[in-house]
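Summary of the model geometry
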Amino acid sequence: MTKHLDTNILVIGGGATGTAVAWDASLRGFKVVLVERRDLTQGTTGRFHGLLHSGGRYAVKDPHGARECIQENRILRRTHAHCIEDTGGFFVVTPEDEGDYPDRFKAACDEIGIPCAEIPVREALRREPLLNPRLSRVFEVPDGSADSFLAAHATADAARRAGAQILTYHEVTNLIVDNQRVVGAQVYNVATGETFAIHAAMTVNAAGAWTGKIAAMAGIEVLILPSKGTMIAVNHRVVNTVINRCKLPADGDILVPSHTVAVIGTTSVEVADPEPLRIETWEVEKMLAEGNKLVPGLSQMRILRAWAGVRPLFQETYTGGGRDVTRKLALLDHEAREGVAGFLTITGGKWTTFRLMAEAAVDKVCEKLEVKRPCRTADTPVPGAEQGHYWLGHRLHEVEEQHLQSELICECELVTRAMLENAVKRNPTLTLDDLRRDVRLGKGPCQGGFCTYRAVGILHEMAQAGAYRPDADAWDAAFLQSPGKNREPLSVNRDRNTDYSLPNTAPPSPNLLLRDFLQERWKGIAPILWGKQLRQERLDELIYLSLMNADHLPDAELTSPSSDFYHYDATPQEDANA
Amino acid sequence: MLDLLVIGAGLTGLTAAYTAAKSGLRVKVIAKGLGAMHWGAGTLDILGYLPGEEGAVKRPLAAISQLPDGHPYRLAGDVAGVLATFVALTEEIGLPFQREVGRRLTQINADSENLLLPSPVGAARPAFAAPVGQLGGDLSRPEPMLIVGFTGLRDFYPQLIAENLTRQGYPARAAFLPLAVVSGRRDNTAVSIARELDNPDQRQKLAQALRPLLKPGERVGLPAILGLDDHMQALADLQGLMGTAVFEIPTLPPSVPGMRLFRALEERLQRLGVRVEVGMEVTGANRGWRPETRDSQSPISNLQSPISIEWVETETSARPLKHRARAFLLATGGILGGGFESDVNGRVWEPIFNLPLTAPQKRSGWFRPAFLDPQGHPVFNGGVAVSPDFRPVDGAGRPLFANVWAAGGLLANFDPILERSLSGTAVVTGMAAAQAIVEHVKCEP
Ligand SMILES: Cc1cc2nc3c(=O)[nH]c(=O)nc-3n(C[C@H](O)[C@H](O)[C@H](O)COP(=O)(O)OP(=O)(O)OC[C@H]3O[C@@H](n4cnc5c(N)ncnc54)[C@H](O)[C@@H]3O)c2cc1C
Ligand SMILES: Cc1cc2nc3c(=O)[nH]c(=O)nc-3n(C[C@H](O)[C@H](O)[C@H](O)COP(=O)(O)OP(=O)(O)OC[C@H]3O[C@@H](n4cnc5c(N)ncnc54)[C@H](O)[C@@H]3O)c2cc1C
C-alpha cells in the first residue's frame, strides 16, 4: 500500500506565512498538515531584515500597507511578545535627506494613526550616541526588532498544540489535480527519500518566492518578481533603536539592532530565480557606505556575516520590478481566476503582516468550504508570549544567575549543551544550520570556530545514546532560546508510533554535518572577509584543517540532503561596472 | 645595543632568537600577542599534503622537490640539517620530539616517513615528529585504542574520535570518566585540568579511575591534559601506574602541548639572556621614515645600496618606545599571526615596514568558491617575497633593506595550513634566517 495522509487543509511553506496559516486554520478547527521542504524559516523568513514595521516606512508611498503594519504591529506585540524586542524606531533626516519629505512623512503618519513624535536631535543623540551628529530632525515611531526564527517556531508550536501536523524536510514535488481541482500533493521526504501523497480539501500555497513554481504544478501562472535584498551584520549593537532614513525607501537605509548585532540593509535587485542568490561586491560596499551615513565609521567595524533574501513581490502582469512593485499581500483564488478549485495562493506582504495574511487566506478557505468560523489568532498569544518582550540580556542573566558558564558550548551566543540537545529533540535536525536557526549556534564573532566541533561531537554522542530522534511530544518552542529553562536534557519518548514529522532515518553522519556546516558558513562570510574577520577565518582554518584534518575524514565524498544546497560560489566577484 | 630584534613570539621568532643567541648575539623578542603555537597540535609538521593532491605526503623531505620554486623550504636549502638542530633544542628544553617512543631522533633524511596521529575528530593527521606524549597514538602501531574523555569537558569527544578511527581501520573504542576525577572546579578546560595533573596525587586518582576501563592489550588516549609544567613526569607516572602506553590527543585551543613548548622555549631563551616581551605592538620603523612615505622616499630609487633600519617603535600604554638593533627579523606570521592587515577594498599590507606582498590586491582574487578547495585560497598563499638569505626583496629580487629579514608564516608562495607545514616552515625558516643574520652581524665591523 502506498502511504498517504488525509487532511482538511494542506499548507505548503514553513515560513512566517505558512506557519500562521496552519495556526489560524487549526484554531478554527480544521485538520491541518503543513509541509516545508527544508527547515522552518529556511526561506525568506530566515533572511529578512528583522524589523517589526510601525508602518512609517510606507506611510507616504503606500498608506494602505502602512495601516496594515501598525495594526499588526499592535497585535504581534501581544501574540508574539517574546519574539519582539521593543526597541522603538527613529526616522532620521541626514544632510542628504532634506526637502519636504520629512513633513509629508509626519503628516502621513498622523493621518494613518501611526504614533509619531518629533524629538530634539540632541535627545536622539543622547539615546543613540553613535548616530551621525549632523542629523537635522528625528521622529520617533513604534518600530521593533523581531526574531523571525523564534516567531515561526512559536507559531508552528501553537498550531501543533491545536492539532496541526508540521512536516519539515518534506518537499512538494507535484500537485495532484483531478478534474480542474487540486486535491492534494505529492510529497518527498528529504530525510528518508520516500514519496507519498497528502490529500486535502483545500491546498494553500504559502511558498513565498516559490509560489510561482508551486502554482505551475497545477498549470497556473503566478507572476512573482523575485527581488533580492542583501543585509550585513555588524559585530556590535551600534544602536539600540531601529534607525530609518527619513526619505523614500531606498538601498541601505535601515539599521536594525538584533540580539547581539546590528543589521544594515538592504539592496533591492530583481533576479531571475529565488535561488541561488549571490551577494555581489557592490552590494556589500553600498551597505557599508550607506551605513556610514547613519553611524559614521560603521564600515570600519567588524562585519560578521552577509546574507540575502528574496522578496516575493507579486504582479498581475509584468510592468517592471524593484521597489515600485506593491508589497501588499496577494490572495489568489485560483477557482475564480483560472477555474482550478481547491487551491489558494497567499504571498507578497511583509513579515509584519504574516498574521493578517493568514487570516485572509483562512477566511477564504472557510468561504470555499462553506463554513463560518471566525479568526481567533489576534486574541490568542502563542506559547512563550507570557515571557514578555525579549531583552538583550536575557541569556546572560540566566547563565549568570544559574551558574551555567561551564555548560556553554557556544560562548559567543551563550548556547548551553542542554539547549542544543533539546533543540535537536524538539525539532527535526538534519544539519547544524538548523541549530543555527533554532538557538543561534555559531552566529557570533567566531562564526562557529569553536562550537561547530562541539556541536558535531554532542550530536554524535546523542546518536550513540539513541537520543537523537526528535520527539514530537517534546516540541516546545517557548523556551528554545532559554539557557535557564533548559537545565536538563529532555527525555526522549522512544516507544511512540512513527510520525511523519520525524525523519525516520539514521542520524546524519557527523562528518557530513561538519563538512556541510563549514561550507555553509563560508558562504555567509566569504563576501565580508577582510581585516580582523579574515584573521579569524584563518584561525578557524588552523583549527579545522591543521589541528583536526577535518578535510580528510571518512564520508568526505558522500552527498547529504544539504550538500548540493551549500555548494555554490559566494566568493567576492569582480564588479560588472568596475 | 642589541644585535637582533625579533618581532613576533611564535615558533619562528623563538627558534630564530635561540639560534642567534646561541651564536653569541644579543637578542630580544617583542610581540603583540602569542603565536599560532597556542592554537595548534604542538607537533612538528613538515609537509602533510601537496596542494591539489588527494593523499597525504609519505616522505615529506623527499616531497620538497615537488614544491614550487620560491617555496620557503626550497630557499632554506638544508632542511634536514636545520630540523636536526630543532630536535636537539627540544631535547635541551626537556620536551623531546621523537618519531618512535623512547628513541632519540637522530636520523632525518629523504626516506623518513610521516607519522599518522589521531586528530580531535578522529582523522589521521600527518606529522613528522611529535612530543613523546603524543607518540603512543601512532596509528601504525597495532594495539587497539581506548579513547577516554570526561563528561562535561566540552572540547573533546571520544566517541567521535573512536568511531572515525575504527572506520579507517584503526581499532578504537571510547569511554568516559566524570570530570570530578581530575578536577574540583566547575568550569574546566584542558588547560585547567593539565594544571591539576601537575600534582602527583591527581595522577594517582586518574590512573585508579582509568584502570577498570582498560582491556588487556589496549593503549589509552586522553585529551592533552597530562600536566603543564611537569608533563614528562606526569606522562611517565601515568604510564607506570597503568602499565600500558598512554598518549595525548590535542584538543580545541588553547593548546596544552603548544603552551608547554612556548613556556619551555621562553625559559631556555631567558637563560641565554633573551627577553621575550609580549604585549608590545610595533607600529612603525626608523627615524622619520614611515611606511606610508616609502613610495616617495623609496630606499631603492633614492639610494645606491638599500638603507638600514635604525629602530622600530612600539605603542605601549605609557608612551611610544623606540627599539634599536643592528638587525631586525620580522616574524609576525602574516594574516594568521596578525602581521598583515587588509581592508574591504582588497588591499593587503604589512604595516611595519610596508613590505610589498604577493597576495592578490583585489578581493575577487582572494578566495575560491568551496571552503575546502584542495588548492586553498589565493589570499592565504601570498606574502613577503625574500632572497635566498631571507631578506625581503623588491620585484626585481633586490633586498629592500640592509638589515631586515623575514621568516615564518608571512613568507610568500605557500599556504602552511593547507600543506600542514606550519611548524616545519616556522622552524626551518626561522633558524635559517637567524643563521644568515649571525653571519651578517659577525661580518660587520
Ligand atoms: C531582504 C529582505 C528584507 C526584509 N525585511 C523585512 C523586514 O524587516 N520586516 C518585514 O516585516 N518584512 C521584511 N521582509 C519581507 C518578509 O521577509 C517576507 O515577506 C516574509 O518573510 C515572507 O514569508 P513567507 O512565509 O511568505 O515566505 P518564506 O519565508 O520564503 O516561506 C516560504 C517557504 O516555502 C518553502 N517552499 C518552497 N518550495 C517548496 C516546496 N516545493 N515544498 C515545500 N516547501 C516549499 C520554502 O522553503 C520556504 O521556507 C524582507 C524581505 C526581504 C527579501
Ligand atoms: C534578524 C536576523 C538577524 C540575524 N543575525 C545574525 C547574526 O547575528 N549572526 C549571523 O551569523 N547571522 C545572522 N543572521 C543570518 C541568518 O542566520 C540568515 O538566515 C543566514 O545567514 C542566511 O543563510 P545563508 O544565506 O548564509 O545560508 P543558507 O541559509 O544556507 O542559504 C542558502 C542560500 O543558498 C541559496 N540556495 C538555495 N537553494 C540553492 C540551491 N539549490 N543551489 C544553490 N544555492 C541555493 C539560497 O538562495 C540562499 O541564498 C540573521 C538573520 C536575521 C533574519
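Residue positions are counted from 1 within each chain, in the order its sequence is given. Chain A is the first chain written and ligand 1 is the first ligand written, with later ones labelled in order. Local features are withheld for residues below a pLDDT of 70 in this predicted model, meaning they are given only at 70 or higher, and side-chain atom pairs are given and counted only at 80 or more; totals for whole chains, interfaces and linings count all residues. For the side-chain quantities, the full set of heavy atoms in the structure was used; hydrogens and water were omitted.

1. With respect to the overall build of chain A
Quick note on the threshold: Secondary structure elements follow DSSP: runs of H or I of four or more residues count as helices, runs of E of two or more count as strands, with numbering from the N terminus. Atoms counted for the radius of gyration: C-alpha only. Globule rule: 2.2 Å times the number of residues to the power 0.38. The buried label applies to any residue whose accessible area, calculated with a 1.4 Å probe on protein chains only, is under 20% of its type's maximum; exposed applies above 50%, and partly exposed to all values in between. It only takes one pair of heavy atoms within 4.5 Å for two residues to be counted as in contact. Only the protein chains shown count as cover for residues, and the accessible areas themselves come from Shrake-Rupley with a 1.4 Å probe. Just so you know, the count uses Lys and Arg for positive and Asp and Glu for negative, and it drops His and the chain ends. Note that the charge is assigned to NZ on lysines, CZ on arginines, CG on aspartates and CD on glutamates.
The helix and strand tally for chain A stands at 16 helices and 22 strands. Relative to the 2.2 N^0.38 estimate, which gives 25 Å for 578 residues, the radius of gyration of chain A is 23 Å and therefore close to what a compact globule would have. Reported as C-alpha extents along the three principal axes, the dimensions of chain A are approximately 70 × 60 × 50 Å. Per-residue burial over chain A gives 66% buried out of 578 residues. Restricting to contacts in chain A with at least 6 residues of sequence separation, those with at least 24 account for 76%. Carbon and sulfur atoms provide 50% of the accessible area of chain A, an area that totals close to 19,700 Å². Across chain A, the 64 positively charged side chains and the 76 negatively charged ones have centroids separated by 2 Å.

2. Let's talk about the overall build of chain B
A tally of regular secondary structure across chain B gives 14 helices and 17 strands. A globule of 445 residues ought to have a C-alpha radius of gyration of about 22 Å, and chain B, at 23 Å, matches this closely. Overall size of chain B, expressed as C-alpha extent along the three principal axes, is 75 × 45 × 45 Å. In chain B, buried positions account for 60% of the 445 residues. Within chain B, contacts between residues at least 6 apart in sequence are counted, and of these 69% link residues at least 24 apart. Entry remark: accessible area of chain B is about 16,400 Å², with carbon and sulfur atoms responsible for 50%. Taken as two groups, the 43 positive and 43 negative side-chain charges of chain B have centres that lie 2 Å from each other.

3. Brief notes about the domain arrangement of chain B
Quoted interface sizes are often the accessible area lost when the parts come together. Residues and elements named next belong to chain B. Let me state the cut-off plainly: Residue ranges labeled as domains rest on an automatic or database domain assignment. Buried area is understood as the total, over both parts, of accessible area removed when two parts are fitted together, assessed with a 1.4 Å probe.
Domains assigned within chain B are domain 1 (2–17 + 29–73 + 277–443) and domain 2 (89–259). Using C-alpha coordinates to define each centre, domain 1 is positioned 33 Å away from domain 2. Tallying the contact residues gives 22 residues for domain 1 and 26 residues for domain 2. Around 1,800 Å² of area is buried between domain 1 and domain 2 when both sides are counted, 61% of it from carbon and sulfur atoms.

4. What to know about the site of ligand 1
Residue and element names in this part refer to chain A. Rules: One heavy atom within 4 Å of a molecule or strand makes the whole residue count as near it. We call two N or O atoms a polar contact when they sit within 3.5 Å, provided that within protein one can donate a hydrogen and the other can accept it, with sequence-adjacent residues counted only if both atoms are side-chain atoms. All amino acids are sorted into three groups, where Ala, Val, Leu, Ile, Met, Phe, Trp, Tyr, Cys and Pro are nonpolar, Asp, Glu, Lys and Arg are charged, and the leftover types, Gly among them, are polar.
By nearness alone, 35 residues border ligand 1, and Thr17, Glu36, Thr45, Leu51 and Thr352 come closest of all. Between ligand 1 and the protein, one listed contact pairs an oxygen atom with a side-chain N or O atom of Thr17 at 2.7 Å. Contact distances for ligand 1 include 2.9 Å between an oxygen atom and a side-chain N or O atom of Arg37. When ligand 1 sits alone it has 1,000 Å² of accessible area, and the protein chains cover 96% of it. Elements with a minimum of two residues in the shell around ligand 1: helix H1 (16–27), strand S10 (170–177), strand S13 (224–234) and strand S18 (303–314). Considered class by class, the residues forming the shell around ligand 1 number 13 nonpolar, 17 polar and 5 charged. Residue-level mapping places the shell around ligand 1 at the junction of two domains, with at least three residues from each of domain 1 (4–44 + 149–224 + 327–379) and domain 2 (51–146 + 226–309).

5. So, the interface of chain B and chain A
Threshold: Basic side-chain nitrogens of Lys or Arg form a salt bridge, by our definition, when they fall within 4 Å of a carboxyl oxygen of Asp or Glu.
Opposite the 57 residues of chain B that make contact, chain A presents 61 residues. Seen at the junction of chain B and chain A, the total is 4 salt bridges. With a closest N to O distance of 2.8 Å, Asp415(B) and Arg538(A) form a salt bridge. The tally of links between chain B and chain A comes to 27 residue pairs in polar contact (both at pLDDT 80 or more). Looking at the side of chain B that touches chain A residue by residue, the class counts come to 31 nonpolar, 12 polar and 14 charged.

6. Some remarks on H1(A)
Residues and elements named next belong to chain A. What counts here: In this analysis, the expected span of each helix is defined as 1.5 Å times one less than the number of residues it contains.
With 12 residues, H1 should reach 16 Å at 1.5 Å per residue; the first-to-last C-alpha distance of 16 Å fits that figure. Summarising burial for H1: 12 of the 12 residues are buried, a large majority. Within H1 the residues assigned to the buried category are Ala16, Thr17, Gly18, Thr19, Ala20, Val21, Ala22, Trp23, Asp24, Ala25, Ser26 and Leu27. Just beyond H1, the residue with positive phi is Gly29, at close to 90°.

7. As for the packing of aromatic side chains
The criterion, for reference: Ring geometry is summarised as follows: Phe, Tyr and Trp rings, the Trp one being its six-membered ring, pair when their centres sit within 6.5 Å, and such pairs are stacked at plane angles under 30 degrees, edge-to-face over 60 and tilted between the two.
Using the criterion set out here, one finds 13 aromatic pairs over all chains in the structure. For the pair Phe105(A) and Phe139(A), a centre-to-centre distance of 5.5 Å together with 65° between the ring planes defines the contact as edge-to-face. Of this pair, Phe105(A) sits in helix H3 (residues 101–112) while Phe139(A) sits in strand S7 (residues 137–141), placing them 34 residues apart in sequence. Judged by relative accessible area, Phe105(A) falls into the buried class, the value being 0%. Geometrically, the ring pair formed by Phe367(B) and Phe380(B) is tilted, given 6.5 Å between the ring centres and 55° between the ring planes. Residue Phe367(B) is found in the loop between strand S16 (348–349) and strand S17 (404–406), and its partner Phe380(B) is found in the loop between S16 and S17; the two are separated by 13 residues along the sequence.

8. Quick look at the sheet that holds strand S3 (residues 51–52) of chain A
Residue and element names in this part refer to chain A. In plain terms, the rule: Strands pair, by our definition, only if DSSP identifies at least two bridges between them.
One open sheet accounts for 3 strands, arranged S3-S8-S4; its pairing is antiparallel. Each edge of the open sheet is held by one strand with a lone partner, namely S3 and strand S4 (84–85). In the sheet, S3 pairs with strand S8 (residues 144–146) via 2 bridges, with the strands oriented antiparallel. Paired with Leu52 across the strands is Gly144, a residue of S8.

9. Side note on the side chain of Arg219(B)
Residues and elements named next belong to chain B. Its place among the elements puts Arg219 in strand S9 (residues 219–223). Lacking a salt bridge, the buried Arg219 has Glu143 as its closest oppositely charged neighbour, with an N-O distance of 4.3 Å. At 2.5 Å, the side chain of Arg219 forms a polar contact with the backbone oxygen of Gly136. The residues contacting Arg219, other than those within four sequence positions of it, are Gly136, Gly137, Asp138, Arg141, Glu143, Pro144, Met145, Leu146, Thr244, Ala245 and Phe247.

10. Section: the nonpolar core
Put simply, the rule is: By nonpolar core is meant a set of buried Ala, Val, Leu, Ile, Met, Phe, Trp, Tyr and Cys residues that side-chain atoms within 4.5 Å join together.
Among the nonpolar cores identified, the biggest contains 199 residues, and Leu255(A) and Phe353(B) are the most heavily contacted of them. By residue number, the principal contributor to this core is helix H14 (residues 422–443) of chain B, which donates 11 residues. Every residue in contact with Leu255(A), bar those within four places of it in the chain, is listed here: Val238(A), Val239(A), Thr241(A), Val242(A), Ile243(A), Ala262(A), Val263(A), Ile264(A), Leu294(A), Val295(A) and Leu298(A).

11. Description of the pattern of salt bridges
All names here are of chain A. This structure, assessed with the given rule, holds 72 salt bridges over all chains. Two residues, Asp273 and Lys213, come together in a salt bridge whose shortest N-O distance is 2.7 Å. One end of the pair, Asp273, is in the loop between strand S17 (269–270) and helix H7 (281–294); the other, Lys213, is in helix H6 (residues 211–216), with 60 residues separating them in the sequence. Note on Asp273: relative accessible area 37%, which makes it partly exposed. The partly exposed category is assigned to Lys213, whose relative accessible area is 43%.

12. Details of the side chain of Asn73(A)
All names here are of chain A. Within the fold, Asn73 resides in helix H2 (residues 63–79). Within polar-contact distance, the side chain of Asn73 engages the backbone oxygen of His53 at 2.9 Å. A distance of 2.9 Å separates a polar side-chain atom of Asn73 from the backbone oxygen of Pro142. Contact partners of Asn73, with chain neighbours within four places excluded, come to Leu52, His53, Ser54, Pro142 and Thr352.

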